[in-house]
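Letter by letter, the chains look like this.
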Amino acid sequence: MSINAYGEMATGVSDITSIALITHQGIHNALLINELRLCFACRELLGNLVARKHWLDRDGLELHTKYKLESYCESRSTSWKFDPYWGQQIDGPQNGLAPPPWSIPVSPTQFFKPHEAYVEVPHTASVKPCHVCKATGIIRCYGCEGKKKDRDVNRVSQQLVAAHSRNWPTKRIIRQSMEKRFSHIANLFIFQDVPLPVALFSTHRSDRVVDHSPNGGTKAVSNNIMLATGPFGDPAGSFLISGFNNSYVEVENGGELDTRFSVSVFAWVHPDASASRAGLIYEYGCSMWYFPSTLGLEIRYMVRDRSKTHILGIEGVIKVNAWNFVGTTYDIHAGVAAVWVNESMVMNKSIGTNVELATQGNLTIGASNNHEMQFYGKVSCLQFYDQALSVDQIMKIKTRCNQSISPVTSPDHERVGCYRDTNNRAIPTLEGADPLLVGAYLNRENAIEKCALAAHKRGFRMFAVQNGGWCAASVSAEKTFNKYGQSTYCRSDGEGGPWSNDVYIIKGLSI
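Residue positions are given per chain, counted from 1 along the sequence in the order it is written. With the structure being a predicted model, the display of local features is reserved for residues of pLDDT at least 70 and the display and counting of side-chain atom pairs for 80 or more, all residues being used for whole-chain, interface and lining totals. As a convention, hydrogens and water are excluded, and side-chain values are obtained from all of the structure's heavy atoms.

Where an unreviewed UniProt entry is consulted, the chain appears under the name Protein SSUH2-like, with the organism given as Stylophora pistillata.

S.K.: Is there a simple way to explain the overall build of the chain in this structure?
M.R.: Helical segments are the DSSP runs of H or I of at least four residues, strand segments are the runs of E of at least two, and each set is numbered from the N terminus. Looking only at helices and strands, one finds six helices and 26 strands in the chain. The buried label goes to any residue with under 20% of its type's maximum accessible area, the exposed label to any with over 50%, and the partly exposed label to all in between, with areas taken from a 1.4 Å probe on protein chains only. Taken over 511 residues, the chain has a buried fraction of 45%. Whether two residues are in contact is decided by their heavy atoms: any pair within 4.5 Å suffices. Long-range pairs, those at least 24 residues apart, make up 70% of the contacts in the chain between residues at least 6 apart in sequence. By element, 52% of the accessible surface of the chain is carried by carbon and sulfur atoms, the whole surface being about 26,000 Å². Every accessible area reported is derived by Shrake-Rupley at a probe size of 1.4 Å, with residue values counting cover from the shown protein chains alone.

S.K.: In this structure, what is going on with the pairing of strand β24 (residues 462-466)? I would like to understand it.
M.R.: A large share of β24 lies buried, amounting to five of its five residues. What you see with β24 is no split at all: Met 462, Ala 464 and Gln 466 on one side and Phe 463 and Val 465 on the other are buried throughout. Relative to strand β26 (residues 500-506), β24 runs antiparallel, the two being bridged by five bridges. Along β26, the bridge assignment pairs Met 462 with Ile 505. DSSP-based pairing: two strands are paired if at least 2 bridges between them are found. Hairpin connection between β24 and strand β25 (residues 470-473): a loop of three residues separates the two successive antiparallel strands, and Asn 467 in this loop has a positive phi of roughly 55°.

S.K.: Is there a simple way to explain the packing of aromatic side chains in this structure?
M.R.: Aromatic ring pairs are defined here through the distance separating the ring centres and the angle between the ring planes. Ring pairs are drawn from Phe, Tyr and Trp, using the six-membered ring of Trp, whenever the two centres fall within 6.5 Å, and their geometry is named by plane angle: stacked under 30 degrees, edge-to-face over 60, tilted for the rest. A complete count under the given rule lists twelve aromatic pairs for this structure. Plain terms: the ring middles of Phe 201 and Phe 384 are 6.1 Å apart, the flat faces sit at 85° to each other, and that makes the pair edge-to-face. Placement of Phe 201 in strand β7 (residues 199-204) and of Phe 384 in strand β22 (residues 376-385) is noted, with a sequence separation of 183 residues between them. Overall, Phe 384 belongs to the buried group, its relative accessible area being 0%. Geometrically, the ring pair formed by Trp 289 and Phe 291 is stacked, given 6.2 Å between the ring centres and 15° between the ring planes. Residue classification places Phe 291 among the partly exposed residues on the basis of a relative accessible area of 23%. In this structure, Arg 425 packs its charged tip against the face of Trp 470, placed 4.1 Å from the ring centre. To sit over a ring, a charge needs its Lys NZ or Arg CZ within 6 Å of the ring centre and within 35 degrees of the ring normal.

Structure, rendered in structure tokens:
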């Protein structure tokens, strides 16, 4: 199997020079188009998942595939070769100039297999006196030194003389070698390089906190909290915890939050300058404390049987009356826990490999589980992952809840028309795959502009908005958007209607 620079798979290779142009994106496209097409079970599974949750679309799934790159490099070298001359034709300089080695056509018998080939260089042959017998026609026996004492060796010498000639044509030959220089095995995340959260708690227009993750079913009960301005300027982008024992959010953990092996927890926090005592930003098997007196953070990892707690503490890393992006990661294989503030690792500590965490219990946001140690300030976009994120991934999830957008920043687009849709979507959804598209789409402001920007970021030329804000786009949308025909149920606001897509095309973006 071969992959060209455009991500197309083939059984043969027509242009070996294209091998050097293979990119990771090319492999990504090839596997996406071909491997999933061949795997019926995978395709059926994907279909079920997509139908179950809007988050699970082409930019939301995280399937892993191993691919192997083998680089075959051709080398060429020249050397002289001597054969007996019996009057045969000689291709010498009189027939033209000898071409350089890489100008001589030499094709391997089979691609991607080690092999060697020897080819005569044209116009390099000449007849010269034999350098072995000095043009005498006699070779001394190498065994008996011409004394005829060793019959077997002497017989071999006689055979050499019989095949010998006083003159030998001398010619240059080229040795072509195709060798496998290295192999590289890598993980390919087919759909996206940032994993989906097991839970993501953010605000809802009805003055409460909800789980916007793919699971979406983690129950959160808000107690005496108020919506406040978030880190990206959204007037209702955070929830304010007053610091009293009746202000907190309780989350029932039905197993969704049980990240017992590896974990990453991140949130935007905005401590109030008037806070005077330590408070819990959140508490469960992995808890985060804030200390106003030292402007410090403390992370506490409790082992599964609750017999021990590992503590990571650092001072002077938090700014009051300002937004701070804080979090922690732990990897069970490396055994290292880390504290992160604004994308920077401020400390790390080895707490041991194979440490399973006590993350099976309920979660409390803004206070301890007994509601005695309260945090005073604002919290936004509290995210939980079941693996230790890298710094690049942390930088990306930092804006996962950014829903601020204005029509001015959206790419120029024009309406195509209104078209029907079904459960088997004409265009795959982008819901949840972009920070602009998190949360209930029915309450989404500037829904068309947000969908246009999310599609434009992925290089998609066509997008659709349905039923008041639901967003869909894909690389193949221009081929599938009208598969169910036109509809008359789109509303006048341009945001579609029930099972009806208002379809748009982005101007100036070529397919």
